[in-house]
Amino acid sequence: MRMEIHEQACRGCRMCVEICPTKVLTFDEEACLAKVGKVEDCIACLSCTYLCPSGAIHQEDYPRVKNFYRDLEFCGRMEKFL
Ligand code: SF4
Ligand code: SF4
């Protein structure tokens, strides 16, 4: 699969980095941008893409058989935004 984070769209909120269950995404502190790390560890749960408030994360050629991943503790913290 291929994954891209559009730098001009990323607003540095870190939500994608925090939600990723397999730690695929990293955060560049200097640039204040999320980056794709080990894309081979991605399980294609699409949580990062779903949560990104800027629609900055784009994936292609991902397997469509995996379940959506929800971290309940993280979702609890998100309630204030809903
Ligand atoms: S969730 Fe989107 S806007 Fe937030 S850090 Fe990740 S890519 Fe950037
Ligand atoms: S799709 Fe899921 S496993 Fe892949 S980078 Fe996003 S949150 Fe992580």
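Because the structure is predicted, anything quoted here is derived from the model rather than measured.

Caption draft 1: Representation of the overall build of the protein chain within the structure. When its secondary structure is counted, the protein chain shows three helices and four strands. For the protein chain, the α and β elements follow one another from N to C terminus as β-α-β-β-α-β-α. Its C-alpha atoms give the protein chain a radius of gyration of 12 Å, within 12% of the compact-globule value 12 Å for 82 residues. On the principal axes, the C-alpha backbone points of the protein chain span a range of 30 × 30 × 20 Å. Buried residues in the protein chain amount to 17% of all 82 residues.

Caption draft 2: Region of the structure containing the site of ligand 1. By nearness alone, 15 residues border ligand 1, and Cys10, Cys13, Cys16, Ala34 and Cys52 come closest of all. In terms of residue class, the shell around ligand 1 is built from 11 nonpolar, two polar and two charged.

Caption draft 3: Fine view of unusual backbone geometry. Despite not being glycine, Lys23 has its phi angle at roughly 55 degrees, a positive value. Along the chain, Lys23 falls in the loop between helix H1 (15–19) and strand E2 (25–28). Overall, the presence of 10 C-beta atoms within 10 Å leaves Lys23 in the exposed class. Although it is not a glycine, Cys32 adopts a positive phi angle of roughly 60 degrees. Residue placement: Cys32 occurs in the loop between E2 and strand E3 (33–36).

Caption draft 4: Up close: the nonpolar core. Core analysis: the largest hydrophobic core is formed by 13 residues, its most contacted members being Cys16, Ile19, Cys20, Leu25, Cys48, Cys52 and Ile57. Of all the elements, H1 adds the most residues to this core, at three residues.

Caption draft 5: The site of ligand 2, seen in detail. Surveying the vicinity of ligand 2 reveals 13 residues, the closest of which are Cys20, Val24, Cys42, Cys45 and Cys48. Residue classes in the shell around ligand 2 are distributed as 11 nonpolar, two polar and no charged.

The rules behind each value
Residues numbered from 1 in each chain as written. Chains lettered and ligands numbered in written order. Predicted model: local features only at pLDDT ≥ 70, side-chain atom pairs only at ≥ 80, totals over all residues. Helix = DSSP H or I, 4+ residues; strand = E, 2+ residues; numbered from the N terminus. Rg over C-alpha atoms; globule rule 2.2 N^0.38 Å. Buried ≥ 20, exposed ≤ 12 C-beta atoms within 10 Å, placed from the backbone. Near = placed C-beta within 6 Å. Nonpolar A, V, L, I, M, F, W, Y, C, P; charged D, E, K, R; others polar. Core = buried A, V, L, I, M, F, W, Y, C linked by C-beta atoms within 7 Å.

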